[in-house]
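One-letter residues, chain by chain:
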Amino acid sequence: MLAVRLAKYLAHSGVASRRAAERLIAEGRVTVAGEVVTDPARDVDETSGVRFEGEPVGVESREVFALNKPAGVVSTARDTHGRPTVVSLVPSERRLYPVGRLDADTTGLILLTNDGELANQLTHPRYEVPKTYVASVVPEGVPERALRALREGVELDDGLTSPALVRLVRPGLLEITISEGRKRQVRRMLEAVGHRAVALERVAFGPLRLGRLARGEHRRLSAAEIERLRKAAATIPRS
Ligand code: URA
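A quick note: this is a predicted structure, and the numbers were derived from the prediction, not measured.

Student: Requested: an account of the packing of helix H3 (residues 116–123) against helix H6 (residues 223–234), with residues and values cited.
Tutor: The packing of two helices is summarised by the inter-axis angle and the distance between the axes. It is the contact of H3 with H6, at a shortest axis distance of 8 Å, that shows an interaxial angle of 50°. Classified by the interaxial angle, the pair formed by H3 and H6 is oblique. In terms of crossing hand, the pair formed by H3 and H6 is left-handed. Taking contact as the criterion, the partners of Leu-118, Gln-121 and Leu-122 in H3 are, on H6, Ile-226, Leu-229, Arg-230 and Ala-233. Residues of the contact of H3 with H6, tallied by class, amount to five nonpolar, one polar and one charged.

Here it is in C-alpha cells:
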C-alpha cells in the first residue's frame, strides 16, 4: 500500500470520517510507532504502526455489507422513536454506518460500512453514483408525458431534478435511476407528475445489484465488489 496522510489512513480504516480523524490526531489520541503524532499530514502505511488510543489500526479491518432493508426499519444509526435501525440488522464487531439513507417505508439495497472515506465518496453529490429504484405507483396508467417529464427533469420545491433513466416495466411499475440523493426524491418526483409510490424498493447502488438477497438479509461484500464501488465513487461524470 502506498503511503497516505495519517487522517486519510484513519478514515480508510473506519476509525472516523476524515474531518473527525483530524480532530482525533490534534487531540493526541493517535500514535505512530509509539510516538504521539499531531500532524494529520504525516505520511503512513500499514507498516508504520499506527494506533488509535493504543489499538492497532489497519485497512484490513474495513467491512462493507449489503442489506435488503425491510419496511419500518430506519437507516439512521439510532432512532428517537425506538424503531429498529439498519445497523441493528447487521451484527459486526465494528461500528457500522449506513451509506446514505432510505426512507423508513422504502425497502431494498442499503450499504453499511465502517469505512468513513468510502461512505463519504459514495454519497457525495459530486460523484453522482447512480441508484436504481422500482416503484409501484397509483394511478397505474403512466402517460408518455409523465415518463418524458421524469426523463427530462421535474421541478421540485428544492429545484429541478437531473434527468432520470425511466422504464415502464408494466402498468403501475416503473424502474427509475437517479444520480442525486435528495430527501424522498423518487417519491416527490413521482408526485410531481401525478403519481404516488405505494411501494418503493432500491434494486441497485452504483455497480452493485440487490440480486437474490432476501428481505432483512445481509451479506459481506467481497474485496472485488468494494473495489468496484470505490471506482464508481471516483468517477466524476460531469464537471
Ligand atoms: N427516493 C425516495 O423517495 N425515497 C427513498 O428512500 C430513496 C429515494
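The rest of the description comes next.
Student: Run through the nonpolar core, naming residues and quoting values.
Tutor: Judged by nonpolar contacts, the single largest core of 29 residues is most densely connected at Leu-150, Leu-174, Ile-176 and Leu-190. Breaking this core down by element, the ones donating at least two residues are strand E7 (64–69), strand E9 (107–113), strand E10 (131–138), helix H4 (144–152), strand E14 (173–178), helix H5 (185–192) and strand E15 (196–205). Mapping this core onto the domain boundaries places at least three of its residues in each of domain 2 (64–125 + 208–235) and domain 3 (131–205). Discounting residues that sit within four places of it in the chain, Leu-190 has contacts with Ala-135, Val-137, Leu-150, Leu-174, Ile-176, His-195 and Ala-197. Core analysis: the next-biggest nonpolar cluster, separate from the first, contains 18 residues, Leu-122, Val-129, Leu-208 and Ala-233 among them.

Student: So, the environment of Lys-183: which residues are in play, and what are the values?
Tutor: In this fold, Lys-183 is placed in the loop between E14 and H5. You can call Lys-183 exposed: its relative accessible area is 71%. The sequence separation of Lys-183 and Ala-233 amounts to 50 residues, and the corresponding C-alpha distance is 20 Å.

Student: Can you lay out the domain arrangement of the protein for me, pointing to particular residues and giving the numbers?
Tutor: What the domain assignment lists for the protein is domain 1 (4–56), domain 2 (64–125 + 208–235) and domain 3 (131–205). For domain 2 and domain 3, the distance between their C-alpha centroids amounts to 22 Å. The interface of domain 2 with domain 3 comprises 17 residues on the first partner and nine residues on the second. Across the domain 2 to domain 3 interface the summed buried area is about 1200 Å²; carbon plus sulfur atoms make up 40%. There are five salt bridges connecting domain 2 and domain 3.

Reading guide: rules and limits
- Residues numbered from 1 in each chain as written.
- Predicted model: local features only at pLDDT ≥ 70, side-chain atom pairs only at ≥ 80, totals over all residues.
- Heavy atoms only, no water.
- Axes fitted to C-alpha atoms, helices over the stretch in contact; angles between N-to-C directions.
- Helix = DSSP H or I, 4+ residues; strand = E, 2+ residues; numbered from the N terminus.
- Parallel < 35°, antiparallel > 145°, perpendicular 65-115°, else oblique.
- Left-handed = near helix turned anticlockwise from the far one by under 90°.
- Contact = heavy atoms within 4.5 Å.
- Nonpolar A, V, L, I, M, F, W, Y, C, P; charged D, E, K, R; others polar.
- Core = buried A, V, L, I, M, F, W, Y, C linked by side-chain atoms within 4.5 Å.
- Buried < 20%, exposed > 50% of the residue type's maximum accessible area, 1.4 Å probe, protein only.
- Domains from an automatic or database assignment.
- Buried area = accessible area lost by both parts, 1.4 Å probe.
- Salt bridge = Lys/Arg side-chain N within 4 Å of Asp/Glu carboxyl O.

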